[in-house]
Amino acid sequence: MSAAQASGVEHPAHRGSICLEDAAVLSHQAFDAGQWVLRLQAPKCAARARPGSFVHLRCDDDIPMRRPLSIMRADPAEGWIDVLYKVVGAGLAALARRKPGDVLSVLGPIGQGFVAHPERPRPLLLGGGVGIPPMVFLAESLLADRRAAWQPLVLMGSEIPFPFRPRPSTILVPGIPAGTIACMPLLDGWGVPSRLASRSGLPGCFDGFVTELADAWLGALDTSARAEVEVFACGPTPMLEACARLARRHGLPCQVSLEEFMACAVGGCAGCTVRVTTADGPAMKRVCVDGPVFDAATVVP
């Protein structure tokens, strides 16, 4: 059985697609609560990146251990990628000091990404905190995917200010609770509806967890519309567990991107293994190369 079969998500081969390149910092934008969006000139990575893949980034020459960061956007034509991160620890604190023109060593893109299925053209994308980037990438990729008339909905949750400037959405979303109008402007500009959730009293946001907002929307769908939904999620483990329960309750398939500490990030050290349920019984799989995306039913009890 292949890693893709074991995870329950069909993925293309990827082992020959990981590149090592020196990437120049194009821009580095700070947001509240120690959050940053970093744009790198990394043409090899940009050409191969897929929603859910990540890079292993050297933050500083004096810090030998790289840091795994999810790719938020990739432009193969112009050769750049965007990553979003929150400063936690010395490595990312060093990264936050990098300026346009600096050069960073980038290894990527790494990992198995999300796979959207045309028979379920209403993808529900759930991102929590620094789990937001893969959802932005997936939403953008669906705009160019002609296999179906995709109708994505992106729901994001955060207990700190979002790493963008929210504004009221221009897109009506039936089934969303009244007063929940805040959106991510980038997505709104693409014509992709989005809504925000927070328990921190942020204006225009749903007062609760992002999974509670998703539950309200799913509950408002009729049976035929709900049968067209597939759930995609990235965020902290408790959120992913809640996403898996939500999907099970509504009888929906669900893919989750796991967050794990990594050393090598290319499958050599096996330091990021998780237990996965397969047709042949339990198995240990590496989040870096066998994931980070898995069928929720195989990794979440």
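Sequence order sets the numbering: in each chain, residues are counted from 1 along the sequence as written. pLDDT decides what is reported in this predicted model: residues at 70 or higher carry local features, side-chain atom pairs at 80 or more are listed and counted, and totals for whole chains, interfaces and linings draw on all residues regardless. To obtain the side-chain values, all non-hydrogen atoms of the structure were used and water was disregarded.

Student: Sorry, what's going on with the environment of Gln-35 here?
Tutor: Residue position: Gln-35 is located in strand β2 (residues 35-41). Given a relative accessible area of 3%, Gln-35 falls into the buried group. In sequence terms Gln-35 and Gly-128 are 93 residues apart; their C-alpha atoms lie 14 Å from each other. Look past the residues within four positions of Gln-35 in its chain and what remains in contact with it is Gln-29, Ala-30, Tyr-85, Lys-86, Ile-160, Pro-161, Phe-162 and Pro-163. Throughout this description, a polar contact denotes any pair of N or O atoms lying within 3.5 Å of each other; where both atoms belong to protein, one of them has to be capable of donating a hydrogen while the other can accept it, and for residues adjacent in sequence the pair is counted only when both atoms sit in side chains. Looking at Gln-35, its side chain comes within polar contact range of the main-chain oxygen of Asp-32, at 2.8 Å. Here a helix means four or more residues in a row that DSSP labels H or I, a strand means two or more in a row labelled E, and each is numbered from the N terminus. Between buried and exposed lies partly exposed: a residue is buried under 20% and exposed over 50% of the maximum accessible area for its type, with that area taken using a 1.4 Å probe on protein chains only. Contacts are assigned to residue pairs with any non-hydrogen atoms lying within 4.5 Å of each other.

Student: Would you mind showing me how to read the pairing of β2 here?
Tutor: Strand residues, when the strand is regular, have side chains that alternate between the two faces of the sheet. Counting buried residues in β2 gives five out of seven residues, a clear majority hidden from the surface. Any two strands with at least two DSSP bridges between them are considered paired. The sheet contact formed by strand β1 (residues 19-31) and β2 spans seven bridges and is antiparallel. Looking at β2, one finds that Ser-27 is bridged to Arg-39. Linking β1 back to β2 in an antiparallel pair, the connection comprises three residues, with Ala-33 at a positive phi of about 65°. For β2 and strand β5 (residues 80-86), the ladder comprises seven bridges, and the chain directions are antiparallel. Counted as the bridge partner of Trp-36 is Tyr-85 from β5.

Student: Is there a simple way to explain the pairing of strand β3 (residues 54-57) in this structure?
Tutor: The alternating pattern of β3 places Phe-54 and His-56 on one face and Val-55 and Leu-57 on the opposite face, and all of these are buried. Bridge analysis of β3 against strand β4 (residues 67-75) gives four bridges, and the strand direction is antiparallel. Bridge assignment links Leu-57 to a residue of β4, and that residue is Arg-67. Relative to strand β6 (residues 103-110), β3 runs antiparallel, the two being bridged by three bridges. Residue pairing in the sheet places Leu-57 in a bridge with Val-106 of β6.

Student: Sorry, what's going on with the sheet that holds β6 here?
Tutor: In a beta sheet, neighbouring strands pair by backbone hydrogen bonds and run either parallel or antiparallel. Taken in spatial order, the six strands of this closed barrel run β1-β2-β5-β4-β3-β6, and their pairing is antiparallel. The sheet shows a mean angle of 45° between the axes of neighbouring strands, taken without regard to direction. In this analysis an axis means a line fitted to C-alpha atoms, helices contributing only their contacting stretch, and an angle means the value between N-to-C directions, from 0 to 180 degrees. On the sheet, helix α4 (residues 132-143) packs against β4 and β5 and is oriented at approximately 25° with respect to β4.

Student: Sorry, what's going on with the pattern of salt bridges here?
Tutor: Side-chain pairs of opposite charge can arise whenever the charged atoms involved come near each other. Take a side-chain nitrogen of Lys or Arg and a carboxyl oxygen of Asp or Glu: if they are within 4 Å of each other, that pair is a salt bridge. Counting across every chain of the model gives nine salt bridges. Arg-122 is paired through a salt bridge with Glu-228; the nearest N and O atoms lie 3.0 Å apart. Pair noted here: Arg-122 is in strand β7 (residues 122-128) and Glu-228 is in the loop between α7 (223-226) and β13 (229-234), with a separation of 106 residues, a long-range link. Using a relative accessible area of 21% as the deciding quantity, one classes Arg-122 as partly exposed. With a shortest N-O distance of 3.4 Å, Arg-286 and Asp-290 are connected by a salt bridge. According to the relative accessible area criterion, Arg-286 is partly exposed, its value standing at 23%.

Student: How do you make sense of the nonpolar core when you look at a structure like this?
Tutor: One finds Leu-124, Leu-126, Leu-155 and Trp-217 to be the most contacted residues of the largest nonpolar core, which totals 43 residues. With six residues, helix α8 (residues 237-250) is the single largest residue contributor to this core. When near neighbours in sequence (up to four residues on either side) are disregarded, Leu-126 contacts Met-135, Leu-155, Val-210, Ala-214, Val-231, Phe-232, Ala-233, Cys-234, Met-239, Cys-243 and Leu-246. Residues belong to one nonpolar core when they are buried, are Ala, Val, Leu, Ile, Met, Phe, Trp, Tyr or Cys, and are joined through side-chain atoms within 4.5 Å. Counting residues in each nonpolar core, the second largest holds 28 residues, with Ile-132, Val-136, Ala-182 and Val-293 among its members.

Student: What's the story with the sheet that holds strand β11 (residues 194-198) in this structure? I'm lost.
Tutor: Here seven strands make up an open sheet; going across it, the order is β12-β11-β8-β7-β13-β14-β17 and the pairing mixed. With partners counted over all chains shown, the strands left at the sheet margins are β12 (206-207) and β17 (293-295), one partner each. In the sheet, strand β8 (residues 153-157) pairs with β11 via four bridges, with the strands oriented parallel. Across the sheet, the residue bridging to Gly-157 is Ala-197, located in β11. Of the strands in this sheet, β7, β8, β11, β12 and β13 are in contact with helix α6 (residues 210-220), which crosses β8 at around 150°.

Student: Help me understand α4, please; the structure alone is not making it clear to me.
Tutor: In an α-helix, one turn spans 3.6 residues, which is why side chains three or four residues apart end up on the same side. Expected span of a helix, by definition, is 1.5 Å for each gap between consecutive residues, and there is one gap fewer than residues. Over its 12 residues, α4 runs 18 Å from end to end, which matches the ideal 16 Å to within 8%, given 1.5 Å per residue. For α4, every residue scored as buried is listed here: Ile-132, Pro-133, Pro-134, Met-135, Val-136, Phe-137, Leu-138, Ala-139 and Leu-142. Buried residues along α4 sit in contact with β4, β5, β7, β8, α5 (185-190) and β13.

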